Amino acid sequence: MLNKIKVPIWIIITLLIVSVALSSVVAQQAIKHYSFAAWLHGDVSPASKSFTQISNRQLTTQYELLQQFTALVTMSSQISADEYNQWVKYQIANNAELLAASLALYSTKNARLQHIYSVGTASKYQQDSYQSELLAAIRKSQNTTGIISKRLSSDTLLLAKSVKLANEQWFLLSEVDLSLIKLALIQAHPQTKLNFSLQLTDKQQTPIVNWEFGKLHTQKNQISQRVENEFFILDIIAEPRATFAPKWHAPEISKFIASVIVGTLLVCLLLVLLWYQQRKSLQLAQTLEQQNALLGNQLSAAKESIKRNSRFAIINDMAPIAAAEITPAVSQAIKAVSSLEERTINLKNKLTDGKVTKSLVGSYLDNATQLTRASSSQLLIAAEATYTLEQFASDLKQDTLRDINLQLHTAAISGIYKKSNQHKKVKFIESIPGDLDLTAYSGSLTHVICIVLNNSIEHGFAGRPDGIVMIEAFKNKDKQSIQMRIEDNGAGMDEAMLANVFATESIDTHSGLHLAKQLVDDKLLGKMEVNSKLGRFTRVNLTLPIDVNKGLPKEQTKR
């Protein structure tokens, strides 16, 4: 069915998103209005106290406690401390809003201050350090008939009252822990995304409390309510956290539920369309993944072909070098054998004519010995060159994992370049310890060294009659890796050329170094770095593991 839709799917999705957004706005407005009503006025079912009532009761209780304590004192002045304590406990137990009580009673008769009773934190006013606070509260309370209030700190409010009877003068105080009241208000705050502030002032318009529960932003969306009683004036201001203003009011919860249902249906339809689109996307992704896999296989095959052709190129380069050494050696051996054959025929003729002398036989034997040695020496040179070429060809072709003596292996490779007529003016300086052994893929190692040497000779010394190639190697301090350096004093490269060496898309003449780095990374499990300066040098640093099966130590791989 979805396949038959003629309208572009993006238009349908856009319309659905707009519809759901509008439904969400309407639902949010309904939630906001309902939350305000429930929170401020308590018109919810089942019935419960509104937040305004809760706030008013929490604060009024503290004033009423001091007022009731005053009534108790004026009824009888002969009450003991135990009786006062019992009364305080009763007030806390029977008043849900009263979590703690701190009261104190003083006699101020004849302008003398005498402590009568105290409980809770109000007991501290007996100390000398609080005398100034106490006397200031007494003076202030004597100038008014009601309860005075004073904010001592962010969490402490002092309430006080003076009472004058016929024969007695009393001063009563209550210390209120505002943090307990604030905690109760936070617990009473419903989870309706509302910010509100609570401001409390006494009858003399003196600010007592100014609490903010969330930050109020603008008066446009605020709802306020004021409560005034005999003790204080309480203002509560509420604001939704949403940034938009209400467009309409729907306190009926049924409208809210209907909006949610409509919005849910629209979301479901949107999800179906998105599922269909996702299915198409998944099919496309699978097709692309298959194509990428095919391209990856083709790329891998191409890389292997490049490596194989590079190995054959090295063998083709070495073959003429070896042939140049084998051919003269075999030619010299043939000449020696021919000379020996000629001398043997001459001696045979002398024997036939009876003209053989002792000195002639001795001379023949000496010449035969010399010619035999010369022939053997030349044949040995040819055999060594042939074996070396066969060994390199076998290593490059099979790339077997074996133990390698780096000094002998490098010397065999550089030896071929030294004997080549083309490179006879290039001087090789080698410094490799004889006990430097490693386990690696011999063909890959040979391939890398040959690529670097070819790069130095063919590119570094291009157009130059001579040059120096220095090869050195040593074991690193970790005893698990080898550092090898091949450096020439050839043409070098500038920064742009050096950056292009390892670029994936590079087709530069130094792209052989790119292949060498791949071999070092993939087969030898080491690291390769190239440093160069135009007109001065090119240096290739190889960091190789002693055992390719173990790889480089962690401290080497982090560098």
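Everything below is about the structure printed above this text.
A brief structural summary. What you see is a predicted model, and the numbers here were worked out from it, not measured in a lab.

### Structural notes on the sheet that holds strand β11 (residues 426-431)
Logical step 1: If you trace the 5 strands from one edge of the open sheet to the other, you get β11-β13-β14-β16-β15, paired in mixed fashion. Each having just a single partner strand, β11 and β15 (527-533) make up the two edges of the open sheet. Direction aside, the axes of adjacent strands within the sheet are offset by 10° on average.
Logical step 2: Of the pairings in the sheet, the one linking β15 to strand β16 (residues 537-545) comprises 7 bridges and is antiparallel in character. Within β16, the residue paired with Asn-531 across the bridge is Arg-539.

### Focus: the side chain of Gln-483
Logical step 1: The topology assignment puts Gln-483 in strand β14 (residues 481-488).
Logical step 2: A polar contact of 3.3 Å, which involves the side chain of Gln-483, links it to the side chain of Asn-476.
Logical step 3: Of note is the side chain of Gln-483, whose polar atom sits 3.0 Å from the side chain of Thr-543.
Logical step 4: In this structure Gln-483 touches Glu-472, Ala-473, Phe-474, Asn-476, Asn-541, Leu-542 and Thr-543, once residues within four positions along its chain are discounted.

### Regarding unusual backbone geometry
Logical step 1: Here the phi dihedral of Gln-205 falls at roughly 65°; this positive angle occurs in a residue that is not glycine.
Logical step 2: Within the secondary structure, Gln-205 is located in the loop between β6 (194-202) and β7 (207-213).
Logical step 3: Relative accessible area serves as the criterion here: at 54%, Gln-205 is assigned to the exposed category.
Logical step 4: We note that Leu-525 has phi near 55°; this positive angle belongs to a residue other than glycine.
Logical step 5: Here Leu-525 is to be found in the loop between α11 (511-522) and β15.
Logical step 6: The exposure class assigned to Leu-525 is partly exposed, which follows from its relative accessible area of 37%.

### Examining the sheet that holds strand β1 (residues 103-107)
Logical step 1: Pairing in this open sheet of 5 strands is antiparallel, and the strands run β2-β1-β5-β4-β3 from one edge to the other. In the strand order of this sheet, the two ends are held by β2 (114-119) and β3 (148-153), each with one partner. Geometrically, the sheet is characterised by an average inter-axis angle of 20° between neighbouring strands, direction not taken into account.
Logical step 2: As paired elements, strand β4 (residues 156-164) and strand β5 (residues 169-177) share 9 bridges and run antiparallel to each other. When the sheet's bridge partners are listed, Leu-157 is paired in β5 with Val-176.
Logical step 3: Against the sheet, helix α3 (residues 81-93) engages β1 and β2, with an angle of about 35° to β2.

Rules used throughout
Each residue is numbered by its place in its chain's sequence as written, counting from 1. Reporting of local features is limited, given that this is a predicted model, to residues whose pLDDT is at least 70; pairs of side-chain atoms are given and counted only at 80 or more, and all residues count toward the totals for whole chains, interfaces and linings. Side-chain metrics in this entry use all non-hydrogen atoms of the structure; hydrogen atoms and water are not considered. Should DSSP find at least two bridges between two strands, the strands are taken to pair. Where helices and strands are cited, they refer to DSSP runs of H or I of at least four residues and of E of at least two residues respectively, numbered from the N terminus. To get an axis, fit a line to the C-alpha atoms, keeping to the stretch in contact for a helix; angles then go from 0 to 180 degrees between the N-to-C directions. Pairs of N or O atoms are called polar contacts if they sit within 3.5 Å, as long as, within protein, a hydrogen donor faces a hydrogen acceptor (for residues adjacent in sequence, only side-chain-to-side-chain pairs). A contact between two residues is defined here by any heavy atoms of the two lying within 4.5 Å. Relative accessibility under 20% of the residue-type maximum defines a buried residue, over 50% an exposed one, and the middle range a partly exposed one, all with a 1.4 Å probe and only protein chains included.

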